Amino acid sequence: MKIRLESVHDEPFRWQESVEIPVAGLERSEVLGLSPVVCEGRIVRTDPGFLLDARLVWEQTVTCDRCLVPFTEAREERVEALLLSGPRKPVAGEHELQDEDFGVVRVEGEILETEPLIAEQVQLSLPVKPLCRPDCAGLCPGCGADLNSEPCRCESKPTDPRWAALAALRGRRGEGA
């Protein structure tokens, strides 16, 4: 949706829309599906620009990082930003972000395009390591069994060779005691 900021006067401008975000555009292999993102928001004129306040609601299907099982979860995010007209000042090379750079959206001209803003917020809210549940046991590294639903099928648990020195100390302590 395109919102003409010049049409926002003393009364808040309210809108509601549903945005389809292509999963391929997210470039995240763990994201398998994404429902349309429902956005309800308002824009209020303020000094020096406009205040945007919106609520985003959607469902996402992602793959658990530990057990690799797909799961669907409902998501809700709140977006608050200061909208300022005019292009961003060009900066050569690397530069450090200042406090005033966070929560500010630069709008070229007087038209706010909501779809890129919504897509960016969804991308930012995707979990780095999605888990189907907080206590997910994952997969057995030996036999590959999903430890959430079945026991390990390994004959014997291999001992990590890095613990061999400690095992030798435990053996000597047991003999001398």
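Residues numbered from 1 in each chain as written. Predicted model: local features only at pLDDT ≥ 70, side-chain atom pairs only at ≥ 80, totals over all residues. Heavy atoms only, no water.

### Focus on the nonpolar core
1) Next: Grouped together as the largest cluster of nonpolar side chains are 30 residues, with contacts concentrated most on Ile21, Ile43, Leu52, Leu83 and Leu112.
2) Next: Only strand S2 (13-19), strand S3 (31-34), strand S4 (37-45), strand S5 (50-63), strand S6 (70-85) and helix H2 (114-125) provide two or more residues apiece to this core.
3) Next: When residues in this core are grouped by element, the largest group, six residues, is from S5.
4) Next: Not counting residues up to four positions away in its chain, the partners in contact with leucine 112 are Met1, Lys2, Ile3, Leu5, Ile43, Leu52, Leu83 and Val107. (Core = buried A, V, L, I, M, F, W, Y, C linked by side-chain atoms within 4.5 Å. Buried < 20%, exposed > 50% of the residue type's maximum accessible area, 1.4 Å probe, protein only. Helix = DSSP H or I, 4+ residues; strand = E, 2+ residues; numbered from the N terminus. Contact = heavy atoms within 4.5 Å.)

### What to know about the pairing of S4
1) Next: Here seven bridges tie S2 to S4, and the two strands are oriented antiparallel to one another. Across the sheet, glutamine 16 pairs through a bridge with glutamate 40, a residue of S4.
2) Next: Where S4 meets S5, eight bridges bridge the pair, whose relative direction is antiparallel. Among the inter-strand pairings, glycine 41 is bridged to a residue of S5, identified as alanine 54.
3) Next: Taken together, S4 and the strand that follows it, S5, pair antiparallel across an intervening segment of four residues. (Pairing = 2+ DSSP bridges.)

### What to know about the side chain of serine 125
1) Next: With respect to the helices, strands and loops of the structure, serine 125 is situated in helix H2.
2) Next: Within the structure, serine 125 has its side chain in polar contact with the backbone oxygen of valine 122 (distance 3.0 Å).
3) Next: In contact with serine 125, not counting residues within four places along its chain, are Trp58, Arg75 and Glu77. (Polar contact = N/O pair within 3.5 Å; in protein donor to acceptor, adjacent residues only side chain to side chain.)

### Brief notes about a nonpolar patch on the surface
1) Next: On the surface, a nonpolar cluster with roughly 340 Å² of combined accessible area is contributed by Trp163, Leu166 and Leu169.
2) Next: Mapped onto the fold, tryptophan 163 is located in the loop between H2 and helix H3 (164-176). (Patch = residues over 30% accessible without salt bridge, like charges linked within 9 Å, V, L, I, M, F, W, Y side chains within 5 Å. Areas by Shrake-Rupley, 256 points an atom, 1.4 Å probe, with all protein chains shown as cover. Salt bridge = Lys/Arg side-chain N within 4 Å of Asp/Glu carboxyl O.)

### Focus: unusual backbone geometry
The general pattern is negative phi for most residues beyond glycine and trans for most peptide bonds.
1) Next: The linkage connecting aspartate 47 with the following residue, proline 48, adopts the cis geometry, with an omega of 25°.
2) Next: Topologically, proline 48 is positioned in the loop between S4 and S5.
3) Next: For glutamate 27, which is not glycine, the phi torsion reads 55° and is therefore positive.
4) Next: As for its position among the elements, glutamate 27 is in the loop between helix H1 (23-26) and S3.
5) Next: Located in the positive-phi region is leucine 68, a residue other than glycine, with phi close to 65°.
6) Next: For leucine 68, a relative accessible area of 53% puts it in the exposed group.

### Concerning the pattern of salt bridges
1) Next: Under the definition given, this model contains 10 salt bridges.
2) Next: Among the salt bridges present, the one from arginine 4 reaches glutamate 6, with a minimum N-O distance of 3.2 Å.
3) Next: Under the relative-accessibility criterion, glutamate 6 is labelled partly exposed at 39%.
4) Next: In this structure, the salt-bridge partner of aspartate 160 is arginine 162, at a minimum N-O distance of 2.5 Å.

Everything listed is a geometric property; what it means functionally is a separate question.
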